[in-house]
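# Geometric and topological summary
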Amino acid sequence: MASNSKHDAAQHSPLREASFRNTSLNVPSLKRSDVDLLKREILHQGFFRLEALELRHRLFEGGWSEPMRREVHSRFDAVGVLLYDPERDLVVLIEQFRAGAIDDGVSPWKLELVAGLVEEGETLEDVARREAWEEAGCKVTELTKLHTYYPSPGACNEQVTLFCGLLDCQGLGGVHGLVEEHEDIRVHVMPFANAWELLMHGRLDNAMCLIGLHWLNSQRASLRAASQRASTQSETNEE
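Thresholds, definitions, all that
- Residues numbered from 1 in each chain as written.
- Predicted model: local features only at pLDDT ≥ 70, side-chain atom pairs only at ≥ 80, totals over all residues.
- Heavy atoms only, no water.
- Pairing = 2+ DSSP bridges.
- Helix = DSSP H or I, 4+ residues; strand = E, 2+ residues; numbered from the N terminus.
- Axes fitted to C-alpha atoms, helices over the stretch in contact; angles between N-to-C directions.
- Buried < 20%, exposed > 50% of the residue type's maximum accessible area, 1.4 Å probe, protein only.
- Polar contact = N/O pair within 3.5 Å; in protein donor to acceptor, adjacent residues only side chain to side chain.
- Salt bridge = Lys/Arg side-chain N within 4 Å of Asp/Glu carboxyl O.

This part takes up the sheet that holds strand 2 (residues 49-57). The antiparallel open sheet is built from three strands, whose spatial order is 1-2-3. With partners counted over all chains shown, the strands left at the sheet margins are strand 1 (35-45) and strand 3 (68-74), one partner each. On average, each strand axis in the sheet is inclined to that of its neighbour by 25°, with strand direction left out of account. In this sheet, strand 2 lies alongside strand 1 in antiparallel orientation, the contact comprising nine bridges.

Mapped onto the secondary structure, serine 231 falls in helix 5 (residues 207-238). Residue serine 231 is classed as partly exposed on the basis of its relative accessible area, which comes to 28%. For the pair serine 231 and glutamate 87, spaced 144 residues apart in the sequence, the C-alpha separation amounts to 8.8 Å.

Before going further, it helps to examine the environment of threonine 148. Among the secondary structure elements, threonine 148 is positioned in strand 8 (residues 142-149). Separated by 68 residues in the primary sequence, threonine 148 and glycine 80 place their C-alpha atoms 10.0 Å from one another. A polar side-chain atom of threonine 148 sits 3.0 Å from a polar atom in the side chain of threonine 161.

As enumerated under the stated definition, the model contains 16 salt bridges in all. With its nearest N and O atoms 2.7 Å apart, the salt bridge here joins lysine 110 to aspartate 205. Separated by 95 residues along the polypeptide, lysine 110 in strand 6 (residues 109-112) and aspartate 205 in the loop between helix 4 (192-200) and helix 5 bring together distant segments of the chain. Given a relative accessible area of 41%, aspartate 205 falls into the partly exposed group. Connected via shared salt-bridge partners are Glu122, Arg130, Glu131 and Glu134.

Written as structure tokens, this is what we have:
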């Protein structure tokens, strides 16, 4: 049989055989010291703060940029929790009104992960467990940190830390939230397959859901296997 030279070349290409290891990107070439903050002005101070920054920064090809003005929304850092029951393969989502989506063409009520702001003196894990109880009425048995990321660094200084929280979903549901914070939160418990279908159809349209469920899609089998092993070991110990 004649060989396909293009196919053979691709199979033996050094680019295919060598893993991508651009170590130069591990350490940023430009840092905070390469920004010259000329002026900081507070435009609004409420629950959140809006600032106007006048600055210049170093350029990749050398020298400095011209002075520029940038407005930054200053927010508290936040924590999100993907609640998952590995034994039953169930995901917990919450539904609530969101003012930022008031002009959404479908609905300003959004399906989301449990989430909350980090208050002074709290650890990220404290926030995850507190919000799981306040918003979904559940206690998390195990927390795994997934990522810390900036949702919109071009305009906002908020950082979000995302966890996966394992739990027993039995009996969960209903409406939760703190009255003093005007929270009216409905809890939905559903099979992972249903949550994934919602994501594929665009019904889950926020970063926490997208990041969390894509992570769970890749880790779900191992989480379920570990849960099964723990259950088997527990039954053995009881005997």
